[in-house]
Structure formats: structure tokens, C-alpha cells
Amino acid sequence: MEQYRLVMPGHLNQFGYLFGGNLLQWVDEYAWIAASMEFPGRRFLTIGMDRVEFRRSIRQGAILRFSIGREGQGSTSVRYRVRVYDATMPAPSEPLFSTVVSFVRVDAEGRKKAIDLPGDDDAAAG
């Protein structure tokens, strides 16, 4: 799955670069969307991100390309690799940022729940 984002003035820190917290929010959001689309009707919570390392500064006006793919799955959890690229650079290019986001499926009370239960849909359960 791919998503794109334009870096606007409100996304910048006091030095004029993309505030890292905004990038982490987008990474988490796009990975969650991937999980929700791959497992419709399931309720997921973020439980972690692997190594967080910003490899290059990002300025206002940059168009970012987020590439999201499933990295692995357990009985109650799923992990997605998120790579962030400068969309204006020709492919292949080095990612500006990369991490793995881990999610756990939970029930309405917040307890872990198996992902692959046939006919099991959190949305219908309330």
C-alpha cells in the first residue's frame, strides 16, 4: 500500500524542518490503515515501533511517499514495515525513514484477541 503527504508550514519545528512527531503520527496512521484494510472489522491498537532514526532532514513543500507492507503476523498481533521516501526522487532511492509498527488486536474491553477467528467482526460486536 502507498500513501502520500505534503509537508506544510504547520508540520515544521522551530528550525524549519519537519517535526519528527508529525512523521511518527503519519507512519502510525498509515500502518493502522493497512492493518484495518487487510483485516476488516478488527480493532487494532499500536503497541510499538522498532528503531526510530531520521536519516535526513525534510523541508516544507516535500512530498513524501509512504510504502507500507506486512512484515509478519502472530496469533494476536501483526507488524507492518513502513518506508518513507522523497516522492520527487526517481526510484529506487534510499528511504528517509523506516520502521516496523506493531499492532495487537483487542476486544471491546481492551483484552488481546486472536486476529483470525472465522466470522469474528469487532464492528458487529459493538
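From a predicted model like this one, the values you see are computed outputs, not experimental measurements.

Draft legend 1. Structural context of the sheet that holds strand 1 (residues 2-6). On the basis of which strands lie adjacent, the open sheet formed by 5 strands has the order 1-3-4-5-2 and antiparallel pairing. Two strands bound the open sheet, and with one partner strand each, they are strand 1 and strand 2 (44-49). With strand direction ignored, the average angle separating the axes of adjacent strands in the sheet is 30°. By the bridge criterion, 9 bridges tie strand 3 (residues 63-73) to strand 4 (residues 77-86) in an arrangement that is antiparallel. Among the inter-strand pairings, I68 is bridged to a residue of strand 4, identified as V82.

Draft legend 2. Structural view of the nonpolar core. With 25 residues, the main nonpolar core has L23, L64, F66 and Y80 as its most contacted residues. Looking at this core, the elements with two or more residues in it are helix 1 (20-38), strand 3, strand 4 and strand 5 (97-105). The leading source of residues in this core is helix 1, at 7 residues.

Draft legend 3. Local environment of the pairing of strand 3. Bridging between strand 1 and strand 3 involves 5 bridges; their strand directions are antiparallel. Counterpart to R5 in the pairing with strand 3 is L64. Hairpin connection from strand 3 to strand 4: 3 residues lie between these consecutive antiparallel strands.

Calculation notes
Residues numbered from 1 in each chain as written. Predicted model: local features only at pLDDT ≥ 70, side-chain atom pairs only at ≥ 80, totals over all residues. Heavy atoms only, no water. Pairing = 2+ DSSP bridges. Helix = DSSP H or I, 4+ residues; strand = E, 2+ residues; numbered from the N terminus. Axes fitted to C-alpha atoms, helices over the stretch in contact; angles between N-to-C directions. Core = buried A, V, L, I, M, F, W, Y, C linked by side-chain atoms within 4.5 Å. Buried < 20%, exposed > 50% of the residue type's maximum accessible area, 1.4 Å probe, protein only.

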